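Chain residues, written in single-letter form:
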Amino acid sequence: MFYYVLKYVILGPLLRLLFRPRIEGLEHIPADGAAIVAGNHLSFSDHFLMPAILKRRITFLAKAEYFTGPGVKGRLTAAFFRSAGQIPVDRSGKEAGQAAIREGLGVLGKGELLGIYPEGTRSHDGRLYKGKVGVAVMALTARVPVVPCAMVGTFEIQPPGQVLPKIKRVTIRFGEPLDFSRYEGMEHEKAVLRAVTDEIMYEILALSGQQYVDEYAVKAKAAQADESKGRRFPRLRR
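Residues numbered from 1 in each chain as written. Predicted model: local features only at pLDDT ≥ 70, side-chain atom pairs only at ≥ 80, totals over all residues. Heavy atoms only, no water.

(A) Expanded view of the overall build of the chain. Of regular secondary structure, the chain possesses eight helices and nine strands. The buried share among the 238 residues of the chain stands at 46%. Of the contacts formed within the chain by residues at least 6 apart in sequence, a portion of 79% connects residues at least 24 apart. As presented, the chain carries roughly 13,000 Å² of accessible surface, and 56% of it is formed by carbon and sulfur atoms. (Helix = DSSP H or I, 4+ residues; strand = E, 2+ residues; numbered from the N terminus. Buried < 20%, exposed > 50% of the residue type's maximum accessible area, 1.4 Å probe, protein only. Contact = heavy atoms within 4.5 Å. Areas by Shrake-Rupley, 256 points an atom, 1.4 Å probe, with all protein chains shown as cover.)

And the structure:
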């Protein structure tokens, strides 16, 4: 219930007023039935802007840290994310990927829309990174279409580390649904999962116009952090 209050009464109208999103390809979102909306992830604002413009309810898999913050602020943040249709997923440990897949399949099993960011985390530099195969596993297992989505301009309004977004117009583009029924029964084939994931990422790239990096975002972030740390604390020569 509160999801729809946020969407139609509180947050949705406010976001539309402030950011005046250009919406392209909204007709590609199925009117009913299960489907995956797979998009790039440039900003914290993405979590709210896309759901605000969709006619259907969409559930996202969100990192568990949003639900476990300390104090009153942490509890309010957790309550807000749950009310906004987010499902917490622990991204640490060996079972993290399987937990996310189970949660996602549960949403699709109800005939609902599932939102997912195949990169697995926000882009730290505005580029599009290699997708993780979990999106392919869910698409093939649940036998549902995948609608590619591109958020354009959200990195500029709220890059990582910026608390409040700039008030600037953004664009949200949806591509035609991708049908992977030709791979039915092959959800355990690694080569197939990679091919499906790469096809999804290519469509997102075509919609977004980003520069593509054939590397996982988490690895690239870690490398950048190590490089930055090395510049701050150079090794002493003996």
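More follows now that the structure is in view.
(B) Expanded view of helix α5 (residues 134-142). All of the buried residues along α5 are Val135, Ala136, Val137, Met138, Ala139 and Leu140. Immediately beyond the C-terminal end of α5, within one or two residues, lies Arg143, with a positive phi of roughly 55 degrees.

(C) Representation of the packing of aromatic side chains in the model. Tallying each qualifying case throughout the model produces two aromatic pairs. Each ring, one from Phe44 and one from Phe48, has its centre 5.5 Å from the other, and the planes form 65 degrees; the classification is edge-to-face. An angle of 25 degrees between the planes, with centres 5.3 Å apart, marks the rings of Phe60 and Tyr117 as stacked. Taken together, the residues span a long stretch of sequence, with Phe60 in strand β3 (residues 58-63) and Tyr117 in the loop between β5 (113-116) and β6 (128-129) at a distance of 57 residues. Overall, Phe60 belongs to the buried group, its relative accessible area being 0%. Residue class for Tyr117 comes out buried when judged on its relative accessible area of 10%. (Phe/Tyr/Trp six-rings, centres within 6.5 Å; stacked < 30°, edge-to-face > 60°.)

(D) Representation of the environment of Leu205 within the structure. Here Leu205 shows up in helix α7 (residues 190-208). We classify Leu205 as partly exposed; its relative accessible area is 21%. For the pair Leu205 and Asn40, spaced 165 residues apart in sequence, the C-alpha to C-alpha distance is 8.4 Å.

(E) Structural detail: the layout of surface pockets. Within this model, the second largest pocket holds a volume of roughly 480 Å³. Every residue lining the second largest pocket is counted, 21 residues in all, and those nearest its centre are Phe44, Phe48, Gln158, Val163 and Pro165. Per-element accounting of the lining of the second largest pocket gives the leading share, five residues, to helix α1 (residues 2-19). Class assignment of the residues belonging to the lining of the second largest pocket gives a composition of 15 nonpolar, five polar and one charged. (1 Å grid on protein atoms, 1.4 Å probe; cavity = no way out; pocket = protein on both sides within 12 Å on 5 of 7 lines; lining within 4 Å. Points joined across faces, edges and corners; volume = space filled by probe spheres on them. Nonpolar A, V, L, I, M, F, W, Y, C, P; charged D, E, K, R; others polar.)

(F) Geometry of the nonpolar core. Formed by 30 residues in total, the largest nonpolar core has its most connected members in Ile36, Ala38, Val146, Phe180, Val196 and Ile200. When residues of this core are traced back to their parent elements, those giving at least two are β2 (35-39), β4 (86-89), α4 (96-109), β5, α5 and α7. The residues touching Ile200, leaving out its near neighbours within four places in the chain, are Ala38, Val135, Val146, Leu178 and Phe180. Residues Val37, Phe48, Leu54 and Ala62 belong to the second largest nonpolar core, which totals 27 residues. (Core = buried A, V, L, I, M, F, W, Y, C linked by side-chain atoms within 4.5 Å.)

(G) A look at the pattern of salt bridges. Taken as a whole and judged by the stated rule, the model has five salt bridges. Glu24 is paired through a salt bridge with Arg173; the nearest N and O atoms lie 2.8 Å apart. Pair noted here: Glu24 is in strand β1 (residues 22-24) and Arg173 is in strand β8 (residues 171-174), with a separation of 149 residues, a long-range link. For Arg173, a relative accessible area of 24% corresponds to the partly exposed category. (Salt bridge = Lys/Arg side-chain N within 4 Å of Asp/Glu carboxyl O.)

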